[in-house]
Amino acid sequence: GACILPTDRENNPWISELNDSKKLTRVKREELYKIIKEKAVSATGWVSASELDEIGISEALRLATRRAVEEIRKTKTPFSEIVIDGISNFLSNTSLSKYVTTMKKADFYVKEVSAASIVAKVERDNYMIKLAEKYPGYGFEKHVGYGTKQHQAAMEKLGLTPEHRCSFAPVRKLKNTTKIGNKAEEIVADFLEKSGHEILARNYKTKLFEVDIISEKDGVVYFTEVKHRKNSDYGSPKMFVDKKKIEKMKLGAECLMKNKNKSFRLAVGCTLGEDFRFLEWF
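So, a few notes on the structure that sits alongside this text. For every chain, the first residue of the written sequence is number 1, and numbering continues from 1 onward in sequence order. Local features in a predicted model are, by the rule used here, given only for residues with pLDDT of at least 70; side-chain atom pairs are given and counted only at 80 or more, and totals for whole chains, interfaces and linings are based on all residues. Derived side-chain values reflect all non-hydrogen atoms in the structure, with water molecules and hydrogen atoms excluded from consideration.

Bringing the sheet that holds strand β9 (residues 277-281) into the picture now. Taken in spatial order, the five strands line up as β5-β6-β7-β8-β9 in an open sheet, and their pairing is mixed. Strands with a single pairing partner mark the edges of an open sheet, and in this sheet they are β5 (198-205) and β9. With strand direction ignored, the average angle separating the axes of adjacent strands in the sheet is 25 degrees. Two strands form a pair only when DSSP identifies at least two bridges running between them. Note on conventions: DSSP H or I runs of at least 4 residues are helices, E runs of at least 2 residues are strands, and numbering of each starts at the N terminus. One ladder, built from four bridges, connects strand β8 (residues 263-272) with β9; its direction is antiparallel. Bridge assignment links Leu-272 to a residue of β9, and that residue is Arg-277. Contacts: residue pairs with any heavy atoms within 4.5 Å of one another. For helices, the fitted line uses only the C-alpha atoms of the stretch in contact; every axis is such a line through C-alpha atoms, and the angle between N-to-C directions lies from 0 to 180 degrees. Sheet strands in contact with helix α9 (residues 243-257) are β5, β6 (210-217), β7 (220-229) and β8, and its direction is about 135 degrees off that of β8.

A word on the environment of Ser-16. Looking at the element boundaries, Ser-16 is found in the loop between β1 (2-4) and α1 (26-39). For Ser-16, a relative accessible area of 56% translates into the label exposed. As for Ser-16 and Thr-65, which are separated by 49 residues in sequence, their C-alpha atoms are 25 Å apart. A 1.4 Å probe rolled over the protein chains alone gives each residue an accessible area, and that area as a share of the maximum for its type sets the label: buried under 20%, exposed over 50%, partly exposed in between.

The next thing to look at is the environment of Pro-6. Along the chain, the position of Pro-6 falls in the loop between β1 and α1. Every residue in contact with Pro-6, bar those within four places of it in the chain, is listed here: Asn-12, Trp-14, Ile-15, Lys-39 and Ala-40.

To estimate how far a helix should reach, multiply one less than its number of residues by 1.5 Å. Compared with the 26 Å implied by 1.5 Å per residue over 18 residues, the 26 Å span of helix α3 (residues 57-74) between its first and last C-alpha is a close match. Every buried residue of α3 is listed here: Ala-60, Ala-64, Thr-65, Ala-68, Val-69 and Ile-72. Considered in projection along α3, the buried side chains sweep an arc of 165 degrees and stay on one side of the axis. Those residues of α3 that are buried are in contact with β1, β2 (41-43), α2 (49-55) and β3 (82-85). Two residues or fewer after α3 comes Lys-76, characterised by a positive phi angle close to 60 degrees. As used here, the arc belongs to the directions running from the helix axis to the C-beta atoms.

Right, let's get into the environment of Ser-215. Within the secondary structure, Ser-215 sits in strand β6. Its relative accessible area of 0% is what places Ser-215 among the buried residues. Discounting chain neighbours no more than four positions away, the residues touching Ser-215 are Leu-192, His-197, Glu-198, Ile-199, Leu-200, Val-220, Val-221 and Tyr-222. Under the rule applied, a polar contact is a pair of N or O atoms within 3.5 Å (in protein, one hydrogen donor and one hydrogen acceptor; residues adjacent in sequence only if both atoms are side-chain atoms). Side-chain polar atoms of Ser-215 contact the side chain of His-197, separated by 3.0 Å.

Moving on, we get to the packing of aromatic side chains. Centres within 6.5 Å are what make two rings of Phe, Tyr or Trp a pair, Trp counting through its six-membered ring; a difference in plane orientation under 30 degrees is then read as stacked, over 60 as edge-to-face, and the rest as tilted. Counted by the stated rule, this structure contains eight aromatic pairs. A centroid spacing of 6.4 Å and a plane angle of 50 degrees characterise the contact between Phe-191 and Trp-281, whose relative ring orientation is tilted. In this pair, Phe-191 sits in helix α8 (residues 169-194) while Trp-281 sits in strand β9, placing the two residues 90 residues apart along the sequence. Take Phe-191: its relative accessible area is 28%, and that puts it in the partly exposed class. Assessed through its relative accessible area of 23%, Trp-281 is described here as partly exposed. Here a set of aromatic residues connected by ring pairs shows up, and it is made of Phe-191, Tyr-222, Phe-278 and Trp-281.

Before going further, it helps to examine the side chain of Thr-271. Tracing the sequence through the fold places Thr-271 in strand β8. Engagement of the side chain of Thr-271 in a polar contact is seen with the side chain of His-228, the distance being 2.7 Å.

Membership of the largest hydrophobic core comes to 15 residues, with the highest contact counts inside it found for Cys-3, Leu-5, Trp-14, Leu-18, Ile-36, Ala-115 and Ile-118. Secondary-structure elements contributing two or more residues to this core are α1 and α5 (111-134). Per-element tally for this core: the top contributor is α5, with five residues. Apart from residues lying up to four places away in sequence, Ala-115 is in contact with Cys-3, Leu-5, Leu-18 and Ile-36. By nonpolar core is meant a set of buried Ala, Val, Leu, Ile, Met, Phe, Trp, Tyr and Cys residues that side-chain atoms within 4.5 Å join together. Counting residues in each nonpolar core, the second largest holds nine residues, with Val-221, Phe-223, Leu-256 and Met-257 among its members.

Along the chain, Ser-117 turns up in helix α5. Among the polar contacts made by the side chain of Ser-117, one reaches the main-chain amide nitrogen of Ser-21 at a distance of 3.3 Å. One polar contact links the side chain of Ser-117 to the main-chain carbonyl oxygen of Ser-114, over a distance of 2.7 Å.

Structural measurements only, silent on function.
Structural data, given as structure tokens:
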């Protein structure tokens, strides 16, 4: 966020209420945000998740700052100094560098930076609300993208969106896990097709359960859970299909097969090792 406040402070008493956005209530932030947008000159600089993954967090901060300042400059509002919160001059090696002062906790001490932090916070939160509508189930409107347990659980259940930062360790780990899972499922699905099965669905998900592979052969519908292990040091893949998982699979199968005149069976497909060697389907 970036902001230039009115110079006439006496006629703008609301300026005295500005503070670090984190120290304000949501209601107060939104109240001040509306005033800032009406009475001051403000802008935000945005960096996409894919850009951040490519250039890293430090360069992303630099790029966002430059974009915010560039938007401010388009208004042709005069300024004499640029105060940046923190100790990094994100405008170094530009023509604006000579105007920069860096300051720790500037969003607390400098009203213009306080206003910028409010604008950035409110617009980011509003964006997360829009994302919640676009990607329901992730709870973006509540945790607004922070790494809460709720957010982690949603990613594990629903997968990743284009808005997730894949360079962020928990997301990167989940993405790698997903790739491994998809590879194992491809191998098991290929085995089933060669064995005469028709693949009906892959990664079938509902709010109550999910099934890796649903297939049909000779009038019988099979619900297959796929398990992969890097090695067998702690047991074969099938050992990791516990009673709780089997109960969920059964629940899912019964729900899907209700009112259908077909029999069904639960199954497990296993792969092992770096080469995803197929082991068994039972």
